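Coordinate analysis (summary)
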Amino acid sequence: MPDLPSIVIDAESKPFWDGVALGELRLQRCRDCARAVFPARVVCPHCFGEGLEPLLAAGTGTVYSKTVVHRAFGAFAEQVPFTIALIDLDEGVRMMSRIVGETPVAIGDRVRLRVTRLDDAPDAPQLPCFRAEVGA
Amino acid sequence: MSPRRRAAIVGVAESELGRTPHLTVLSQQARASSAALAEAGLTLGDVDGLFTAGNWSWAPALTLAEYLGMHPDHLDGTNIGGSSFEAHIGHATAAIEAGLIDVALITYGSTQRSDRTRGRPRPGTLTEQYEQPFGLPQPVGAYALAAARYMHEYGVTSEELAEVAVSARQWAARNPRAYHRDPITVADVLASPLIAEPLHKLDCCLVTDGGGAVVVAAEDRWQDVATRPVVVRGHAETTTHTSISQMPDLTVTGAARTGPLALERAGVTHEDVDLLAIYDSFTITVLLTLESLGFCKPGEAGRFVAAGRTAPGGELPMNTNGGGLSYTHPGMYGIFLLIEATRQLRGDFRDQPDQPDQPGRPGRQVEGAELALVHGTGGVLSSTSTVVLSRS
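Small disclaimer: the values here were computed from a predicted structure and weren't measured.

Each helix and strand counted, chain B has 12 helices and 13 strands in total. Relative to its length of 392 residues, chain B is compact, with a C-alpha radius of gyration of 20 Å against a globular reference of 21 Å. Here the C-alpha coordinates of chain B stretch approximately 55 × 50 × 50 Å along the principal axes. Residues classed as buried in chain B amount to 64% of the 392 residues present. The contacts of chain B with a sequence gap of at least 6 include a subset with a gap of at least 24, amounting to 76%. Just so you have it, chain B exposes about 14000 Å², and 49% of that area is on carbon and sulfur atoms.

Here it is in structure tokens:
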């Protein structure tokens, strides 16, 4: 089986991935402008403030856009069709994710965090996926 | 303020296109450079600025300079994706206006078709670690997300997206160098396999090898050149994001900034534009760009294209070589937009009323074209760069 692309965790992303392993979604919030920030960084992209503090996300959001993928590369080729979505988290940041579960989602649907592996391979990482809130 | 020294494109050329396993990215750029300089009646010794972009070397400008045997006074390896070459035009023009250089050589080469490298997953480093693990094929998947949102917001249909591919193919039929020239219909696009919904295979650009070169010269050199100079009237570049999840609005690209700014710097308006060269990595790219540039209202670009306004005979001819969708697309297509717009403004196809290889079928010269808007898009709608060119 082709290898999955590796995730190169660094000092800034480690808290995020540590949180995912615990089933949590860890963001940041700027003390200066109070806005949520993702991905993690040392300066706020809204006000250039340097006072970024941890923010635990509720794990709920709305689908901003989505695509059903029919042709993918490497290890993902065996997983088609699958759904990738951009999720607007309730905290005010947007992230890419995979939609899991039997219920398909549409733009505007409510979704909830579900940390899972996308592959049976022993080295497959735990990922912050989402599932439909309705019918889940 | 004294008038600034103007810059103009004085030579353009492609290298061999399609599938070129006998060439490297370096030999492609050397061949294209040689042809573009020869067309201008200049030599490599006249060039004092070298501009290139790619991911085939840790420092492409250095690798290429060594290969060509150059020690240029001015180097620019700006890489903002497929729009890099429109940015290079802006940077070269600024260097010429400032008196730093007299002649700039801008080049590109790719062997992505022979290498079969497009779309392969890479390790997720820095911000890419938040997207790569989910398996979205790039770049097509990111453009699919933009298309889905655009269709949701404006009620646009897959048929309207497909019209862009149909228009491109109508032009490609008039270009002997185009990769695909057989006519297609909206039904053909919709019947082609889905890659990432809502995009079908025929909504996507080609994957080819190829290279190109553009020579830009200062006004005081124009009397030395063998071609009719095409003047760089205005330029603007920007970026809005690198990851598709961080694009502020999936339906508005950086063209909303660079289009109006480049036109303003050129001292012209939308009504003055006779010809469009718009990066068509995917059909959705063109619709979003036409709207963000201000040629159509939001949600209306599909109907604009469907009405034949960008096709042969239309009032705003677009991508007259067949574009990245039908002519060629070696990874970073931006240089080919400049090559085609230059040839059209010079009237290169005027002595070819028929297609060179198909007598009796019309050629592609846009009669009377004096002003062209060239617009590159790079990454996943991440960067844009707009250039306004005019006949001298």
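In this section: the interface of chain A and chain B. Facing the 37 residues of chain A at the interface are 36 residues of chain B. Counting across the chain A and chain B interface gives 0 salt bridges. With 6 residues, strand β4 (residues 60-69) of chain A is the largest single contributor of residues to the side of chain A that touches chain B. Tallied by class, the residues present in the side of chain A that touches chain B amount to 25 nonpolar, 7 polar and 5 charged.

Moving on, we come to the state of the cysteines. Under the criterion given, the structure shown has 0 disulfides over all chains. You can see Cys204(B) has no disulfide; the closest cysteine sulfur is in Cys205(B), sitting 6.8 Å from it.

Let's shift gears to the domain arrangement of chain A. Residues and elements named next belong to chain A. For chain A, the domain assignment lists domain 1 (8-56) and domain 2 (58-136). Of note, the centres of domain 1 and domain 2, computed from C-alpha atoms alone, are 21 Å apart. Each partner contributes to the interface: domain 1 provides 12 residues, whereas domain 2 provides 12 residues. The junction of domain 1 with domain 2 conceals about 920 Å² of combined surface from both sides, 82% of it contributed by carbon and sulfur atoms. Summed over the three residues of domain 1 that lose the most area to domain 2, namely Val-20, Leu-25 and Phe-38, the buried surface amounts to 49% of that side.

A few words on the pattern of salt bridges. All names here are of chain A. With the rule as written, the count across this model stands at 22 salt bridges over all chains. Between Arg-29 and Glu-53 there is a salt bridge; the shortest N-O distance is 3.6 Å. Placement of Arg-29 in strand β1 (residues 26-30) and of Glu-53 in strand β3 (residues 52-56) is noted, with a sequence separation of 24 residues between them. Residue Glu-53 is classed as partly exposed on the basis of its relative accessible area of 21%. Between Glu-133 and Arg-112 there is a salt bridge, with its nearest N and O atoms 2.9 Å apart.

As a further point, take the sheet that holds strand β2 (residues 36-37) of chain A. Residue and element names in this part refer to chain A. Read from one edge of the open sheet, 3 strands run β2-β1-β3, paired in antiparallel fashion. The open sheet terminates on both sides in strands that have one partner only, identified here as β2 and β3. In terms of strand pairing, β1 meets β3 through 5 bridges, oriented antiparallel. Bridging from a neighbouring strand, Gln-28 pairs with Pro-54 of β3.

It is worth spelling out the nonpolar core at this point. Membership of the largest hydrophobic core comes to 92 residues, with the highest contact counts inside it found for Phe130(A), Leu199(B), Ile244(B), Leu276(B), Ile284(B) and Leu290(B). Residue contributions to this core peak at 9 residues, all from helix α5 (residues 140-154) of chain B. A domain-level breakdown of this core finds at least three residues from each of domain 1 (8-56) and domain 2 (58-136) of chain A. In terms of nonpolar packing, the next biggest core, distinct from the first, is built from 42 residues, Ile101(B), Tyr108(B), Ala178(B) and Ala369(B) among them.

Procedures and definitions
- Residues numbered from 1 in each chain as written.
- Chains lettered and ligands numbered in written order.
- Predicted model: local features only at pLDDT ≥ 70, side-chain atom pairs only at ≥ 80, totals over all residues.
- Heavy atoms only, no water.
- Helix = DSSP H or I, 4+ residues; strand = E, 2+ residues; numbered from the N terminus.
- Rg over C-alpha atoms; globule rule 2.2 N^0.38 Å.
- Buried < 20%, exposed > 50% of the residue type's maximum accessible area, 1.4 Å probe, protein only.
- Contact = heavy atoms within 4.5 Å.
- Areas by Shrake-Rupley, 256 points an atom, 1.4 Å probe, with all protein chains shown as cover.
- Salt bridge = Lys/Arg side-chain N within 4 Å of Asp/Glu carboxyl O.
- Nonpolar A, V, L, I, M, F, W, Y, C, P; charged D, E, K, R; others polar.
- Disulfide = S-S within 2.5 Å.
- Domains from an automatic or database assignment.
- Buried area = accessible area lost by both parts, 1.4 Å probe.
- Pairing = 2+ DSSP bridges.
- Core = buried A, V, L, I, M, F, W, Y, C linked by side-chain atoms within 4.5 Å.

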